[in-house]
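The residues making up each chain are set out below.
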Amino acid sequence: MSVVPYKDKEGSKREQVAEMFDNISPKYDLLNHVLSAGVDIYWRKRAIKLLRKQQPKIILDIATGTGDFAIEALALNPDKIIGVDISEGMLAVGREKIAKIGKQDIISLQTGDSESLTFADNYFDAIIVSFGVRNFQNLLAGLTEMNRVMKPGGNCVVVEFSKPRSFPFKQFYNFYFKYILPIIGKTVSKDSAAYTYLPESVQAFPDGEAFLEIYKKAGFINTKCISLTFGICSIYIGQK
């Protein structure tokens, strides 16, 4: 059984995740930076640098949320970035941010299901995802769709939470994630389920080598995992 945000409600994981992000969208950016002590910004920058050599011109940002990863990808000097997300609340916040920096001509955000993309085969030069694949209803289906819409030779870069495995950081991290983070999240966002779901979904997510196996099944080659910050986060690279 997949982990869902609202255990007392009916509805698919996709529907519940969309509702959750709609609920927390006004406070999402603040909480993201506070709960990670700002290190999430470094993780995104590190991931984008991996695409510099490729110089992609058309980029797809899956589960774009409020557009932070899409905005970071401007460093690659692309012609077009399209961000897709199932939460209209998150996209509304993202559009405001993009308008403030005057980049609406390069970045466009649209509602869409990452597991059923509307784009043509072999369309994008690169695909990026930050903290989104963990929320897919069907991970293999979502990754396969990403592979379908990316050009041969293109690179997919996924940033996702992972589980530290070394003592004592593993113990500290688990305590923080299980007891401290949900309290802060509930206090700021007023949605207790959202920040209980976060540690539960991270625990259930197939990280490291397990993720790379699914990545390969989706059609990606030359796969690689880069562990960051004592194993809290991982960057996964795959090529088509």
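For the structure given in this document, a descriptive report is provided here. (Residues numbered from 1 in each chain as written. Predicted model: local features only at pLDDT ≥ 70, side-chain atom pairs only at ≥ 80, totals over all residues. Heavy atoms only, no water.)

Here we take up the packing of aromatic side chains. Counted by the stated rule, this structure contains 15 aromatic pairs. For the ring pair Phe21 and Tyr28, a centre distance of 5.9 Å and an interplane angle of 75 degrees mean the geometry is edge-to-face. Each member of the pair, Phe21 as well as Tyr28, carries the same accessibility label: buried. Seen from their ring centres, Phe131 and Phe161 are 4.6 Å apart, and the 35 degrees between their planes marks the pair as tilted. A residue pair is termed long-range when its members are at least 10 positions apart, and Phe131 in the loop between β4 (124-130) and α6 (139-149) and Phe161 in strand β5 (residues 150-161) qualify at 30 residues. Comparing Phe131 with Phe161, the two get one shared label, buried. One aromatic cluster is present, formed by Trp43, Phe131, Phe161, Tyr173 and Phe177 through successive ring pairs. One Lys or Arg, Lys9, reaches over the ring of Tyr6 and ends 4.7 Å from the middle of that ring. (Phe/Tyr/Trp six-rings, centres within 6.5 Å; stacked < 30°, edge-to-face > 60°. Buried < 20%, exposed > 50% of the residue type's maximum accessible area, 1.4 Å probe, protein only. Helix = DSSP H or I, 4+ residues; strand = E, 2+ residues; numbered from the N terminus. Lys NZ or Arg CZ within 6 Å of the ring centre and 35° of its normal.)

Taken together, Phe175, Tyr179 and Ile180 make up a surface patch of nonpolar side chains, about 290 Å² in accessible area. The residue Tyr179 is located in helix α7 (residues 169-189) in this model. Since its relative accessible area comes to 43%, Tyr179 is described here as partly exposed. (Patch = residues over 30% accessible without salt bridge, like charges linked within 9 Å, V, L, I, M, F, W, Y side chains within 5 Å. Areas by Shrake-Rupley, 256 points an atom, 1.4 Å probe, with all protein chains shown as cover. Salt bridge = Lys/Arg side-chain N within 4 Å of Asp/Glu carboxyl O.)

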